[in-house]
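Each chain, letter by letter, is given below.
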Amino acid sequence: MKIIAIDGSPHGDSGNTALLLEEFVGGALAAGAEVERVCARDLDMEICCSRMHCWYRTPGVCIHKDSVTDLIDRMALADVWVLSTPVHVGGMTELMVRLMERTVRLLSPRFEIHNGRTRHVASPYASHKAVALISTCGYYEDGAFDPLVSQVIDLARSHHRRFAGALLRPHGLALRFMQANGFDLQPVLEAARMGGDELIRNGIMSEQTLAAVRQPLLSKEEFVSMMNSAFERRMGCQAGRTPGCI
Ligand SMILES: Cc1cc2nc3c(=O)[nH]c(=O)nc-3n(C[C@H](O)[C@H](O)[C@H](O)COP(=O)(O)O)c2cc1C
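The shown structure was predicted, so the numbers you read here are calculated from the model rather than taken from an experiment. (Residues numbered from 1 in each chain as written. Predicted model: local features only at pLDDT ≥ 70, side-chain atom pairs only at ≥ 80, totals over all residues.)

Regarding the site of the ligand
Part 1 of the reasoning: By nearness alone, 18 residues border the ligand, and G15, T17, P86, C137 and G138 come closest of all.
Part 2 of the reasoning: Looking at which element gives the most residues to the shell around the ligand, the answer is helix α1 (residues 16–30), with 3 residues.
Part 3 of the reasoning: When the residues that make up the shell around the ligand are grouped by side-chain class, the tally is 8 nonpolar, 10 polar and no charged. (Near = placed C-beta within 6 Å. Helix = DSSP H or I, 4+ residues; strand = E, 2+ residues; numbered from the N terminus. Nonpolar A, V, L, I, M, F, W, Y, C, P; charged D, E, K, R; others polar.)

Now the structure itself:
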C-alpha cells in the first residue's frame, strides 16, 4: 500500500502535529506500507490560478511547472493521502489549502450525482483509495476540530476517496511543552503509532485508538494555568499593551 503523508504545518518536523505524524508513519511502515513524506513548507508551490486551464485548455495538465506538478501525479496513484495539519482559523493551514487546490486537476469539470449530492467526475480507481487526517489544535476541547474534520470529509468526497478517520490531539499546542516538562506522552504516541498500523492492516483506524490519541492528560483548568504561565514567561505581561493583561 502506497501512502503519501503531507505535513502541512509551517513548523514542519519541529511542530506538534509532526510528533503524531512521526509515530503514525512508524506504525504504517512497520505494517508494510510504502510511505512518501512531504513537507508542504519545503515545496516550491504556486497558487492555483483558478482559471481552470487544467480543465478546458490543457485537460489534466496544470499551467504551473513546480515541485507540486509531479507530486499531484504521485498523489493520483497513492492508495492513501494522509493530511497532517494543525488547526488554523478553524480549518487546515494555508499551506495545505494551497496544495489541495492544486489537486483540482485530478477531477473533471463534469458533474454527477452520487448519493443525492453533486460532485465532479473523478478517476474510477479513486473510490478504492482513502484520505486520513492527523491534526493538533491549540484549544482544549475536541470541538475545535469540527470544521476541519468536515472540510477533510468533504475533500475526500470530492475526490471520490473514502474517509479513513481522523487522528486528533486537542490541546496539542501543549504537546512539546508537556514532553519537555516530564508529562508521560507515551500512551498518546503509542496510540498514534497504532493508528498507522491499523490503517494499513484494516483500512481504517479504530475508534478505541482514536480515543486514546484524544485522551486528556490534564484537566482544562490545569491546561489553562500551565499555558498562561508559559505564555507570561515568554512574553511578559505589560498592562495596556499585551492583549488580556490588566
Ligand atoms: C495562525 C494560527 C491559527 C490558529 N488557529 C487555531 C484555531 O482556530 N483553533 C485552535 O484550536 N488552534 C489554533 N491554532 C493553534 C494550533 O493549531 C496549535 O498550536 C497546533 O498544535 C500547532 O501545530 P504545529 O506545531 O504542528 O504547527 C492556530 C495557530 C496559528 C499559528
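Here's the deal with the packing of helix α7 (residues 186–202) against helix α8 (residues 207–214)
Part 1 of the reasoning: Viewed as axis vectors pointing N to C, α7 and α8 meet at an angle of 150 degrees, and their least axial separation amounts to 8 Å. Classified by the interaxial angle, the pair formed by α7 and α8 is roughly antiparallel. Pair α7 / α8 crosses with left-handed handedness. Residues P187, V188, A191, A192, M194, G195 and E198 of α7 form the contact with α8, whose participating residues are T209, A212 and V213.
Part 2 of the reasoning: Here the residues of the contact of α7 with α8 sort into 7 nonpolar, 2 polar and 1 charged. (Axes fitted to C-alpha atoms, helices over the stretch in contact; angles between N-to-C directions. Parallel < 35°, antiparallel > 145°, perpendicular 65-115°, else oblique. Left-handed = near helix turned anticlockwise from the far one by under 90°. Contact = placed C-beta atoms within 7 Å.)

Focus: the domain arrangement of the chain
It is common to report an interface's size as the accessible area lost on association of the parts.
Part 1 of the reasoning: If you check the domain split of the chain, you get domain 1 (2–215) and domain 2 (217–246).
Part 2 of the reasoning: In this complex, domain 1 contributes 7 residues to the contact, which on the side of domain 2 involves 6 residues.
Part 3 of the reasoning: Split into classes, the residues belonging to the side of domain 1 that touches domain 2 amount to 5 nonpolar, 2 polar and no charged. (Domains from an automatic or database assignment.)

Considering the sheet that holds strand β2 (residues 34–39)
Part 1 of the reasoning: With respect to topology, 5 strands assemble into an open sheet ordered β2-β1-β3-β6-β7, the strand pairing being parallel. Sheet topology places β2 and β7 (162–169) at the edges, where each strand pairs with a single neighbour. Sheet twist, expressed as the average angle between the axes of neighbouring strands with direction ignored, equals 15 degrees.
Part 2 of the reasoning: As paired strands, strand β1 (residues 2–7) and strand β3 (residues 80–84) are joined by 5 bridges and run parallel to one another. Paired with I3 across the bridge in β3 is V80.
Part 3 of the reasoning: Strand contacts of helix α3 (residues 67–77): β1, β2 and β3, with the helix running at about 135 degrees to β1, the strand carrying the most contacts. (Pairing = 2+ DSSP bridges.)

Side note on the pairing of β1
Part 1 of the reasoning: Bridging between β1 and β2 involves 6 bridges; their strand directions are parallel. Across the sheet, the residue bridging to K2 is E34, located in β2.
Part 2 of the reasoning: Taken together, β1, α1 and β2 form a β-α-β motif whose crossover is right-handed. (Right-handed = clockwise from strand over helix to strand, strands pointing away.)

A look at the environment of L107
Part 1 of the reasoning: Secondary-structure assignment places L107 in the loop between α4 (94–102) and β4 (111–114).
Part 2 of the reasoning: On a C-alpha basis, the gap between L107 and H120 in space is 6.2 Å, while along the polypeptide they are 13 residues apart.
Part 3 of the reasoning: Ignoring any residue separated from it by four or fewer positions in sequence, one finds L107 in contact with H120 and A122.

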